Amino acid sequence: MAEFKLKEEVAVTKTTPATISDYQDNRARAVGYFVLILAPTVLILGCLWLLYYLCSKLPKDFTSTELAIFIVSAIILSILLVFSGESLLGTITYLGRRKSDNKKLKDAQMVSTMSDDSSKNKMNQDNKTEGKSVDPSDDKKKEAERLAKEKADKEAAEKDRLNKKREQAKKDFESKISILKKSIPGEIVITPENESYDFSICIKDSGLKFIVITKSLPLYMEWSQDKLKITVHDRMPFILAKHITFDVEISDPVAETDSELKSHLKTHNLKVHLVAKYPKQAEKFIEWTKGTADQVRLTNVKQGSPTKFNLVELLSFDPSWAELVGTEDASDSLILDRSTNILGGVVKEPANDIKIIAKFECKAMPSLKHSVTLILTCTMDPEMRWKQIEQSDSDKIPVLTESETEELKKMSNGVRKVPPSYGLDEVFSKPNRVSSRQVKSGFDLAYASIRGRSHIKDGKFREDDVNAGFFLEHKAVAIVISDGAGSASLSRRGSKIVANLGLETLIKSFEKLLAEDPNYFLNTLEVEEMKNKVKDIFTDAVSNILQRIDVESDIIRSAKPTFNKKDMYATFLAAVVLPSKNGHVLFSYSVGDGAIGVGGASDDVSGLKCVPDHGQSAGQTLFVQSEGATDAIKRLNITIIPGAFSLILMSDGVSDPLIPLDVESKPKTWHSLASELKSIVESEMVSEIEKSETYQERGKLCEWLDSYQPGHHDDRTIATLTYNPSSL
Amino acid sequence: MTGDPINQVRTQLSSIIDGLRADPQALETAYLCLITFGAKANVEVPLTSLETFNIPATLSASGSTAMGEALELLVATRKADVVPKTGSTAGDWRPMVFLLSDGVPTDDFDAGIREFKKLRWGVRVACAVNGAEESNLRRFLDASDAPAGYNDESANLVHVSTADPMHMQSFFKWVSASISAVSGSANPDNMTSDTPPPAPGANANSPSVGNPQLPPPPPTLT
């Protein structure tokens, strides 16, 4: 408190006018005061008297010059009067203030004395001395002034001492900083071998405090204040940044312990530079890691198929700076060849999103690592799946629900009342695979029909059908195959009607024609004439089929009111071979897709023997119920074939995967097909009646039909008729 | 469509893909194209075989509803990628189209629908998500303004709510079953307009008309 008040006093003193503070002692000060009061008083009185004197003479006998002198004098006197008055007032005011200041000072000294005995005694002594010779109030004033002066002197000395101390401390601090600066390199180089810098060596002896402003550090650098060490925390961004600058705050620990220096010794800010000196490969490696996604999806692979992924191409890395050190694959299916960077192998089971971690190291700096997750989906191998389905389910009976069975029973009961039933059972079933081979009169007639894998998979019936037979004492042959539409619920019945009734009608009609004119085909080679003669036979066959379908549909409708003849959609492919004047004559007729062709004969008679009804999109075709099915002009095809030949009829299940559309009309296509089928047919057992086969004990023709073609799993039916005169 | 609904669609699509991949017939024959439409229509995945198809990690259909542009893009994609009957191949089947939207077209929908109806498609299914306005979806299904012979019998309008995951799941299950059924069909569509056989029990509103293999949508969706 005392100190504070004294300081306040110093401040007051400083504001006192300079002219007054020049007086050195009390006596001199008294004389000064006297002069300052007396002189203006005398001046005022003098001026007043002069004014009075001048006024008393006015305006009796003044000349104009005298009047002017009078006025000027009056003005000067007035000015003197004003200044004197002001001076007097100023002096009086100052003295008044001085008195109160002295009183304050004395009070302050009194307080100070209470805590300072020696000072108190001295003051008492002084009081006594002064008391003897001067007025007590003057003494007090003087004593206060003396004390104030003493205090000021003391303060000045202290100030001087402090200044010197501070100057010294500042000099010391600056010299320490200069030493420290010299010991810290202008650029601190960070290398892969040493990814930190230890400041403790340069700081230890400096006697300074060193604090890194962590705010100025990038996140990838770490500062330890305890160890005085800066460390690369995440080297990749550091290498990319190449250099960083951060701030350090340096302070003198002396300032912290010495309150006199604390506010004076300010901290020093220093900028420190770190430079990343890493191999070029490391930079490339890091740039690559930045540009590569963490997860990369590989193209899907097929179960069981050998797979190869060139990871250099896929992940765009260069083995000169990135080394693929290994892969981690939870499925253990693909193996990395480190010499070629090829990930290869066979994924045995289908799986979604298999994660394979590819691990990389920088070539020149193995501690620099990176990994990429490769995502791989393995899809099922459809061929494998189809073959499983085929093996396990080929001989299974199609699946029907109880209600479906009930409904079919009612439907079939109705149909059975209008024979012929064509092998009708309760659910309109048919064997899953059938075959037949008959060899007669130089003809080798064989056919086979199998349920497609898609129907096996779905537990559905075979929808194709086939029938063939000899007539005219085995000198003539008729063949009909039919493909029931997959979209029609009872197409299996439709195709059965087509195959059986179609064949029956054709044979009957030709027998009738030949009964009327047995040598007709032996006498004529006129194709157009023949066409006119037989076209009605084919249109009648179609009409008969349609009529039968209508009859059955009507009957079925009584059991199932929504039934429509379109539910028995089926195609119609028919061929009739008769002996002719020159070898044989072939009548072929088609409604819908599939194909009829001849091979094994001369090129001018070999080739496609029908106009298949392919739609603009796959799966589109015509059926025997379609408009135009009886257009014999368009659909009937007549070929006279001298000598040996092979006639082949097939449903689209066979022709679609087997015969590209652009070569289906070419004789060569049919020659090679005929030759392929010849040996297969010849291995078939000859039998008078159609055989029903099992998958395990299937004949060669059925086995041939089972051949796998991706995406083609429809029912397949084929019929071949080979004529070889030399076998007669 | 943003946020949760589009994420749900992605999840469900993902399970459709998984389901279809378990079907060897679909795996060998089905191709998928994924188009999203928000402020703009975008071919997320061009027509790709099921074997190689992968759903993008994220789907985006935010902003407005460029449904018209999406249909035009669909038509362009079909023209570019769907193989018609050529000299040597039978060509691809007519594409099935599933249109899902929770919005109202904000672009020139008429232009899109005009382009769309110039071609003949297989099954068309419109799905109003979360009570979306139906009139435009009905126009997508409607064949009255389409060229003669346009088959609208295989068109369905269904409703799903993303608020109910089971609902969503049943829709996508049905979609999956429909794709499977059609890809397994020997005759998914027919050459002439009068040829498709009506399904048992079919009437004008029946979803299965013209495509008996297409299972009827679950009753909760209709």
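As the structure is a prediction and not an experimental result, all values here were calculated from the model. (Residues numbered from 1 in each chain as written. Chains lettered and ligands numbered in written order. Predicted model: local features only at pLDDT ≥ 70, side-chain atom pairs only at ≥ 80, totals over all residues.)

1. Focus on the overall build of chain A
A count of helical and extended segments in chain A gives 22 helices and 27 strands. When burial is assessed residue by residue, chain A has 34% of its 728 residues classed as buried. In chain A, 71% of the contacts between residues at least 6 apart in sequence involve partners at least 24 apart. (Helix = DSSP H or I, 4+ residues; strand = E, 2+ residues; numbered from the N terminus. Buried ≥ 20, exposed ≤ 12 C-beta atoms within 10 Å, placed from the backbone. Contact = placed C-beta atoms within 7 Å.)

2. Some thoughts on the overall build of chain B
When you go through chain B residue by residue, the secondary structure sums to 6 helices and 5 strands. Out of the 222 residues in chain B, the part that is buried amounts to 48%.

3. Comments concerning helix α18 (residues 527–559) of chain A
Residues three or four positions apart in an α-helix share a direction because the helix packs 3.6 residues into each turn. Residues and elements named next belong to chain A. With 33 residues, α18 should reach 48 Å at 1.5 Å per residue; the first-to-last C-alpha distance of 47 Å fits that figure. Most pronounced at V534, the bend in α18 amounts to some 40°. All of the buried residues along α18 are M530, V534, I537, F538, A541, V542, I545, R548, I549, E552, S553 and I556. At its buried positions, α18 is contacted by α14 (402–416), α16 (491–516), β20 (572–580), β21 (583–591), α19 (632–635) and β24 (636–641). (Expected span 1.5 Å × (residues − 1). Bend = angle between axes of the 7 residues up to and from the residue.)

4. Focus: the pairing of strand β4 (residues 124–129) of chain B
Residue and element names in this part refer to chain B. Most of β4 is tucked away: 6 of the 6 residues are buried. Both faces of β4 are covered, namely the face carrying R124, A126 and A128 and the face carrying V125, C127 and V129. Sheet topology places strand β3 (residues 97–101) next to β4; 5 bridges connect them, and they run parallel. Counterpart to S101 in the pairing with β4 is A128. In this region the chain leaves β3, passes through helix α4 (residues 109–116) and returns to the parallel neighbour β4; the handedness of that crossover is right-handed. Alignment of β4 against strand β5 (residues 155–160), held across 6 bridges, turns out to be parallel. Of the residues in β5, the one forming a bridge with A128 is H159. (Pairing = 2+ DSSP bridges. Right-handed = clockwise from strand over helix to strand, strands pointing away.)

5. Description of the nonpolar core
Formed by 87 residues in total, the largest nonpolar core has its most connected members in I479(A), A574(A), A575(A) and V576(A). A per-element tally of this core places α18(A) first, with 9 residues. Sequence-distant contacts of I479(A), that is, excluding residues within four places in its chain, are made with A468(A), A574(A), A575(A), L649(A), A719(A) and L721(A). Formed by 46 residues, the second largest nonpolar core is a distinct cluster that contains L27(B), A66(B), L71(B) and L73(B). (Core = buried A, V, L, I, M, F, W, Y, C linked by C-beta atoms within 7 Å.)

6. Notes on the sheet that holds strand β10 (residues 306–310) of chain A
Strand pairing in a sheet relies on backbone hydrogen bonds, with the paired strands running either antiparallel or parallel. Residue and element names in this part refer to chain A. The sheet built from 3 strands is open, its strands ordered β10-β13-β12 with antiparallel pairing. Lying at the two open borders of the sheet, with one neighbouring strand each, are β10 and β12 (334–337). Strand-to-strand twist across the sheet, computed as the mean angle between neighbouring axes with direction ignored, equals 20°. Strand direction decides the pairing type here: β10 and strand β13 (residues 342–346), joined by 5 bridges, are antiparallel. Following the sheet pairing, F309 is matched in β13 by L343. (Axes fitted to C-alpha atoms, helices over the stretch in contact; angles between N-to-C directions.)

7. What about unusual backbone geometry?
All names here are of chain A. The omega torsion of the bond from P419 to P420 falls at 5°, within 30 degrees of zero and hence cis. Relative to the helices and strands, P420 is located in the loop between α14 and β16 (433–440). With phi around 50°, L472 is a residue other than glycine that occupies positive phi space. Note that L472 resides in the loop between β18 (464–471) and β19 (476–483). The exposure class assigned to L472 is partly exposed, which follows from the 18 C-beta atoms found within 10 Å. You will see that E473, though not glycine, has its phi angle at about 50°, which is positive. Assignment of secondary structure puts E473 in the loop between β18 and β19. With 8 C-beta atoms counted inside 10 Å, the residue E473 sits in the exposed group.

8. Some details on helix α11 (residues 280–291) of chain A
End to end, α11(A) covers 17 Å across 12 residues, agreeing with the expected 16 Å (1.5 Å per residue, within 8%). For α11(A), the elements touching its buried residues are α8 (235–241), β11 (322–329), β14 (351–362) and β15 (365–379) of chain A.

9. Section: the confidence of the model for chain B
Residues and elements named next belong to chain B. Residue-level pLDDT values for chain B average 76, and 73% of them are 70 or greater. Across chain B, element-level confidence peaks in strand β1 (residues 31–37) with a mean pLDDT of 94 and bottoms out in helix α6 (residues 165–183) with 75. With a pTM of 0.69, the predicted complex shows an ipTM of 0.78. (pLDDT = per-residue confidence, 0-100.)

10. Overview of the packing of α14(A) against α18(A)
A pair of packed helices can be characterised by two numbers: the angle between their axes and the separation between those axes. All names here are of chain A. Packing of α14 against α18 brings their axes to within 8 Å, and their N-to-C directions diverge by 135°. Looking at the two axes, α14 sits oblique to α18. Once α14 is placed against α18, the crossing between them reads as right-handed. Taking contact as the criterion, the partners of E407, K410, M411, G414 and V415 in α14 are, on α18, E552, I555, I556, S558 and A559. Tallied by class, residues from the contact of α14 with α18 come to 5 nonpolar, 2 polar and 3 charged. (Parallel < 35°, antiparallel > 145°, perpendicular 65-115°, else oblique. Left-handed = near helix turned anticlockwise from the far one by under 90°. Nonpolar A, V, L, I, M, F, W, Y, C, P; charged D, E, K, R; others polar.)

11. Focus: the confidence of the model for chain A
Residue and element names in this part refer to chain A. Scored by pLDDT, chain A comes out at a mean of 86, with 89% of its residues at no less than 70. Low confidence marks residues 1–23, where pLDDT is under 50. Its contacts with residues over four positions away, or in another chain, come to 16 contacts. Scored below 50 in pLDDT, residues 111–122 shows 7 contacts in the model against residues more than four places distant or in partner chains.

12. Re the sheet that holds β5(B)
Residues and elements named next belong to chain B. Taking strand neighbours across the sheet as the criterion, the 3 strands line up as β3-β4-β5 in an open arrangement whose pairing is parallel. Two strands close off the open sheet at either side, each with one partner strand: β3 and β5. Ignoring which end each strand starts from, the neighbouring axes of this sheet average 15° apart.

13. Description of the packing of helix α3 (residues 67–81) of chain B against α4(B)
All names here are of chain B. For the pair α3 and α4, interaxial distance at closest approach is 7 Å and the crossing angle is 25°. Put simply, α3 runs roughly parallel to α4. Regarding α3 and α4, the two cross each other, and that crossing is left-handed. For the pair α3 and α4, contact is made by M67, G68, E69, A70, L71, E72, L74 and V75 and by F109, A111, G112, I113, E115 and F116, respectively. Within the contact of α3 with α4, the residues separate by chemical class into 9 nonpolar, 2 polar and 3 charged.

14. Some points on the environment of K359(A)
Mapped onto the fold, K359(A) is located in strand β14. Residues K359(A) and E323(A) lie 36 residues apart in sequence; the distance between their C-alpha atoms is 8.4 Å.

15. A look at the environment of Y220(A)
Residue and element names in this part refer to chain A. Its place among the elements puts Y220 in the loop between β3 (209–212) and β4 (221–224). Looking at Y220, the number of C-beta atoms within 10 Å reads 17, which means it is partly exposed. C-alpha separation for the pair Y220 and R235, spaced 15 residues apart in sequence, amounts to 6.9 Å. Setting aside its immediate chain neighbours within four residues, Y220 contacts V232, H233, D234, P237 and F238.

16. Considering the environment of G345(A)
Residue and element names in this part refer to chain A. Residue position: G345 is located in strand β13. With 19 C-beta atoms counted inside 10 Å, the residue G345 sits in the partly exposed group. C-alpha of G345 to C-alpha of F309: the two residues are 36 residues apart in sequence and 9.3 Å apart in space. When sequence neighbours within four positions are dropped, the list of residues in contact with G345 reads T307, S333, L334 and I335.

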